[in-house]
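Residue-level listing of the chains:
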Amino acid sequence: HHMRLEGRYGMRRSVGRLCALRVARDLTQRQLASAIGGSQAQISKWEQGRFPPGGQWPALLAQALGTDVETINQATAHDHGLAMRRRKRERKEAGA
């Protein structure tokens, strides 16, 4: 269940849950990174589901996004799971 956003030039794209939380707060990746003392690259990787944030990051994300740690953990676990399934499907298609 992805949220769909209008991108530049009217293109539509699916976004994960962490991205949807950020967009709902009207923040860019750079603004969110600055708010939590992280980097834009970190935010991008978390939103792409490459790996979920660990350590203090979920609490900092929750505070910056006006939600709780459980919501952040659920969102990032969901996004990570989607990314893993997508990569598995791409590997399978590449080997076909």
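Small disclaimer: the values here were computed from a predicted structure and weren't measured.

1. Re helix α5 (residues 69-95)
Here is step 1 of the chain: Helix length check: α5, at 27 residues, gives a terminal C-alpha distance of 39 Å against a target of 39 Å (1.5 Å per residue), a fit within 8%.
Here is step 2 of the chain: All of the buried residues in α5 are I72, A75, T76, H78, D79, G81, L82 and A83.
Here is step 3 of the chain: Packed against the buried residues of α5 are α1 (17-24), α3 (40-47) and α4 (57-65).
Here is step 4 of the chain: Put simply, D68 is the residue that caps the front of α5, since its side-chain oxygen is 3.2 Å from the backbone nitrogen of E70.

2. Comments concerning unusual backbone geometry
Here is step 1 of the chain: Non-glycine residue D26 carries a positive phi angle of around 60°.
Here is step 2 of the chain: Here D26 shows up in the loop between α1 and α2 (29-36).
Here is step 3 of the chain: For D26, a relative accessible area of 68% corresponds to the exposed category.

3. Comments concerning the packing of aromatic side chains
Remark: the centre distance and the inter-plane angle together describe each pair of aromatic rings, the angle taken between the planes.
Here is step 1 of the chain: Counted according to the given criterion, the structure contains one aromatic pair.
Here is step 2 of the chain: Ring geometry for W46 and W57: centres 5.7 Å apart, planes at 55°, overall tilted. Of this pair, W46 sits in helix α3 while W57 sits in helix α4, and the two are eleven residues apart along the sequence. Neither W46 nor W57 differs from the other in exposure class; each is buried.

Analysis parameters
Residues numbered from 1 in each chain as written. Predicted model: local features only at pLDDT ≥ 70, side-chain atom pairs only at ≥ 80, totals over all residues. Heavy atoms only, no water. Helix = DSSP H or I, 4+ residues; strand = E, 2+ residues; numbered from the N terminus. Expected span 1.5 Å × (residues − 1). Buried < 20%, exposed > 50% of the residue type's maximum accessible area, 1.4 Å probe, protein only. Contact = heavy atoms within 4.5 Å. Polar contact = N/O pair within 3.5 Å; in protein donor to acceptor, adjacent residues only side chain to side chain. Phe/Tyr/Trp six-rings, centres within 6.5 Å; stacked < 30°, edge-to-face > 60°.

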